[in-house]
Amino acid sequence: MKKISVIIGVLLCSIGYAQKERDVYLFTSFREPATQGLYLAYSEDGYHWNDLGGGFLKPEVGASKIMRDPSIVKGADGLYHLVWTTDWKGGTGFGYANSKDLIHWSPQQYIPVMKNEPDVINIWAPELFYDESNQMYIIVWASTIPFRFEKGVEEEKNNHRLYYVTTKDFTTFSETKLFLDPGFSCIDAVIVKKAKKEYVLVFKDNTRPMRNLKVAFAKSPLGPYKKVSAPFTDFLSEGPTVMQKDSDWLIYYDNYGQKNYRAVMTSDFKQFKDISSEIQLPVGHKHGTITTITPIILQGLKERLKH
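It should be emphasised that the depicted structure is a prediction, and the values quoted were computed from it without experimental measurement.

Procedures and definitions
- Residues numbered from 1 in each chain as written.
- Predicted model: local features only at pLDDT ≥ 70, side-chain atom pairs only at ≥ 80, totals over all residues.
- Heavy atoms only, no water.
- Helix = DSSP H or I, 4+ residues; strand = E, 2+ residues; numbered from the N terminus.
- Rg over C-alpha atoms; globule rule 2.2 N^0.38 Å.
- Buried < 20%, exposed > 50% of the residue type's maximum accessible area, 1.4 Å probe, protein only.
- Pairing = 2+ DSSP bridges.
- Axes fitted to C-alpha atoms, helices over the stretch in contact; angles between N-to-C directions.
- Lys, Arg positive; Asp, Glu negative; His and termini not counted.
- Salt bridge = Lys/Arg side-chain N within 4 Å of Asp/Glu carboxyl O.
- Polar contact = N/O pair within 3.5 Å; in protein donor to acceptor, adjacent residues only side chain to side chain.
- Contact = heavy atoms within 4.5 Å.
- Expected span 1.5 Å × (residues − 1).
- Arc of directions from axis to C-beta.
- Patch = residues over 30% accessible without salt bridge, like charges linked within 9 Å, V, L, I, M, F, W, Y side chains within 5 Å.
- Areas by Shrake-Rupley, 256 points an atom, 1.4 Å probe, with all protein chains shown as cover.
- Charge placed at Lys NZ, Arg CZ, Asp CG, Glu CD.

Draft legend 1. Inspection of the overall build of the protein chain at higher detail. When you go through the protein chain residue by residue, the secondary structure sums to two helices and 19 strands. The C-alpha atoms of the protein chain give 20 Å as radius of gyration, which agrees with the globular expectation for 307 residues (19 Å, within 12%). Its C-alpha atoms give the protein chain principal-axis dimensions of about 80 × 40 × 40 Å. Across the 307 residues in the protein chain, those meeting the buried criterion constitute 53%.

In structure tokens, the structure reads:
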């Protein structure tokens, strides 16, 4: 009996330790006018977010020296890789840096992915996705190249399409290619691996009548993405990020028309439940992405906040 009690005690301690050491969620962000750089928030449940403040990485690259739309992913190398928008208009690329602890960062780089497009208007919201099966990173962003596509309802300088490059090391990159042309202006794309050979693209229909979020589906992270859905958010919403929560998915997005953040829950990316009343985010939170960090990294971020 004594032996059984000892075993039970050890198991309970192990369970308690595992719960204590469980990773927490981290949400990247920025604040207008986007000159202070990276802001962070953390959550233990994926719903209630605690502010860690900003200035974790002040932008140094790009003509405007700003950081908007910071997208983060943890790679197989154990590093957190970050890309961001460096200019509202102009420029040919986006910013990049990496870190082990989100406090100490590598030198910032400017990645000129549209250097061969002299007429490009902008490079907006680069979004990272790590393709585990091919051990490479996919970076998707939106750009306008006047007169490149059918005009539709948009002005030529606002007729966006999605482009991409791939890389294994953030030193060499593939040739820039078209990622998605759904027949209308689109921005803010997020790739989600739903299951083996099942991928979902969450993106913004940026046409003036719509300006809301839709999804499309593919068997590969690079597409082709088909079966574009009807919108699942209201007018004037953008900047989605997606996190898995048990068997469901939470899609956070910037409801910029009403200047707040909202979220929906889905299990199949076909039916969406509004859970906005259940979430809590720091005031001023803007377009970012969600990853996970260890309690040790979180403690370092909290210590930095104190100083």
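Draft legend 2. Looking closely at the sheet that holds strand β11 (residues 177-180). The four strands lie next to each other as β8-β9-β10-β11, forming an open sheet whose pairing is antiparallel. Each of the sheet's edge strands pairs with one partner strand only, and the pair in question is β8 (124-131) and β11. On average, each strand axis in the sheet is inclined to that of its neighbour by 35 degrees, with strand direction left out of account. Here six bridges tie β8 to strand β9 (residues 136-144), and the two strands are oriented antiparallel to one another. Its bridge partner lying in β9, F129 is registered against I138.

Draft legend 3. Geometry of the side chain of R31. Tracing the backbone shows R31 in the loop between β1 (24-29) and β2 (39-43). It is D51 that comes nearest to the buried, bridge-free R31 among opposite-charge side chains, at 4.1 Å. In terms of polar contacts, R31 uses its side chain to reach the side chain of S29, at 2.8 Å. Among the polar contacts listed, one links the side chain of R31 to the backbone oxygen of V283, at a separation of 3.5 Å. Apart from the residues within four sequence positions on either side, R31 is in contact with Y39, D51, P282, V283, G284, H285 and K286.

Draft legend 4. Quick peek at helix α2 (residues 295-306). With 12 residues, α2 should reach 16 Å at 1.5 Å per residue; the first-to-last C-alpha distance of 17 Å fits that figure. Along α2, the positions that sit buried rather than exposed are I297, L298 and L301. The buried residues of α2 all sit within an arc of 100 degrees when viewed along its axis, so they share a single face. Turned more than 90 degrees off the buried face of α2, the exposed positions are I296 and K306. Where α2 is buried, its residues touch β1, β2, β5 (80-85) and β19 (290-293).

Draft legend 5. Inspection of the side chain of T291 at higher detail. By secondary structure assignment, the location of T291 is in strand β19. Classification of T291 by relative accessible area gives buried; the value is 11%. Filtering out sequence-adjacent residues up to four positions away, T291 remains in contact with V24, Y25, L26, I72, K74 and Y80.

Draft legend 6. Representation of a positive patch on the surface within the structure. A contiguous patch of positive charge on the surface is contributed by K193, K196, K197, K219, K226, K227 and K270. Here K227 lies in the loop between β14 (212-218) and β15 (238-245).

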